[in-house]
Structures are given as structure tokens and as C-alpha cells.
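# Topology and contacts: notes
Now for the letters of each chain:
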Amino acid sequence: FTLVELLVVVVIISLAIAVFYTVFITNWQAYQMHITRTNLWEEADAIMEMVSLRGRDMRQIDVAVGGDNQSVTMRDFSGQPTATFVMTAAGEFQLQDGEQVSALSQHLDYNRSSFIKSGKSLLMTLVLTDKGFIHPVVVETATEIFPRN
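So, here's what we can say about the structure. The model shown is predicted, which means the values in this text are computed figures rather than measured ones. Per-chain numbering applies: the sequence of each chain, read as written, is numbered from 1 onward. Where local features are concerned, this predicted model is filtered to residues with pLDDT of at least 70; where side-chain atom pairs are given and counted, the filter is 80 or more; whole-chain, interface and lining totals use all residues. Side-chain calculation: all heavy atoms of the structure are included, whereas hydrogens and water are not.

### Re helix α1 (residues 3-56)
Taking 1.5 Å of rise per residue, 54 residues should cover 80 Å, and α1 covers 79 Å from first to last C-alpha, within 8% of that figure. Buried means the residue's accessible area, taken with a 1.4 Å probe over protein chains only, is under 20% of the maximum for its type, while exposed means over 50%, and partly exposed covers the values in between. Helical segments are the DSSP runs of H or I of at least four residues, strand segments are the runs of E of at least two, and each set is numbered from the N terminus. Of the positions making up α1, those classed as buried are Gln 29, Met 33, Thr 36, Leu 40, Ala 44, Ile 47, Met 48, Val 51, Ser 52 and Gly 55. Multiplying one less than the number of residues by 1.5 Å gives the expected span of a helix.

### Some points on the sheet that holds strand β6 (residues 114-118)
Following DSSP output, two strands are said to pair if at least two bridges run between them. Strands sit in the order β6-β7-β8 across an open sheet of 3 strands; the sheet is antiparallel. What marks the edges here is a single partner per strand, and that holds for β6 and β8 (136-145). Taking each pair of neighbouring strands and ignoring which way they run, the sheet shows an average axis angle of 10°. Pairing between β6 and strand β7 (residues 121-131): 5 bridges, direction antiparallel. Bridging across to β7, Ser 114 finds its partner in Thr 125. Only heavy atoms matter for contacts: two residues are in contact if any of them lie within 4.5 Å across the pair. To obtain each axis, a line is fitted to C-alpha atoms, and for helices this fit is confined to the stretch in contact; angles are then taken between N-to-C directions over 0 to 180 degrees. On top of the sheet, α1 reaches β7 and β8; it is set at about 15° to β8, its chief contact.

### A closer look at the pattern of salt bridges
Should a side-chain nitrogen of Lys or Arg be within 4 Å of a carboxyl oxygen of Asp or Glu, the pair is scored as a salt bridge. In the structure shown here, the tally under the stated rule is 5 salt bridges. Residue Arg 75 pairs with Asp 62 through a salt bridge whose shortest N-O separation is 2.6 Å. Pair noted here: Arg 75 is in strand β2 (residues 69-75) and Asp 62 is in strand β1 (residues 60-65), with a separation of 13 residues, a long-range link. Look at Arg 75 and you get partly exposed, because its relative accessible area is 24%. Overall, the relative accessible area of 23% leaves Asp 62 in the partly exposed class. For Asp 62, the salt bridge goes to Lys 117, with nearest N and O atoms at 4.0 Å.

This is the structure in C-alpha cells:
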């Protein structure tokens, strides 16, 4: 073999490795973004279902918006608070059930999520974000909850 032939073979093998690597990385990125999006949707669905179920069993829903958080307090037929859901500016969605505080998600996009009281109903917009391999992954959902009369 001559030196030129060896160099041509090395260049061809290098190009093949570069193409394989590019395809592998692209597929890996797509896979990771899909897994991240699936996890965020599972979190969002669980949160929406929990708030909806609790809200439907309540008689009154109160919304409070402060500088660092937004909260919704659900009151039963006797007027006693049974659950408070809090969106914090630090990116947590919390459930305060009596003295116990549970973090339901740490992926909250506080600036795009909201609790809005509309008459007796609650309009809830939930946006969860997580960093993807290259681009952030965003999941957005909304619902309207009507308490029992």
C-alpha cells in the first residue's frame, strides 16, 4: 500500500465514524427529550387530577397571589380549609395539607402558571419546564374546576 492509499482509507473511515457519531447523538437527544417530556406530562397530569378531585369536593375555593407565591385554599362545607396548593417563585408546586407540606413538582414555571378565580370556579394553568439535552422541554396544561354547591 502506498501512503496516499492509506491516507484515503483513514479519511473514509473518519468520515464514516463522524456520520455514525452524528446520527447516534441526534437519536440520543431525541430519546432524552422524549423521556423528559413524558416525565413532565406525568407530573402535570397527577397535579391536575389531585387539584381537580380536591376542588370538586369543596364548597369554596379562595385564591391568594403574593410576591413570591400563588396559592389556592379549598374549604369544605363547614368553611374549614382542607388543602392549600401553592406555586412558589422558586419553581415548586406544593400541597399544604394541615401541617404537612409536600412538593408535588420542582419543575414549575412560576411566571407562566397561574390560579385565577372566575366566579365560583378556579381556572388553573400549569406550565412545567425542564432542561433538555439542548433545548428546554415545556409542558403546558389548563383546566377549570367547579366546587360543589
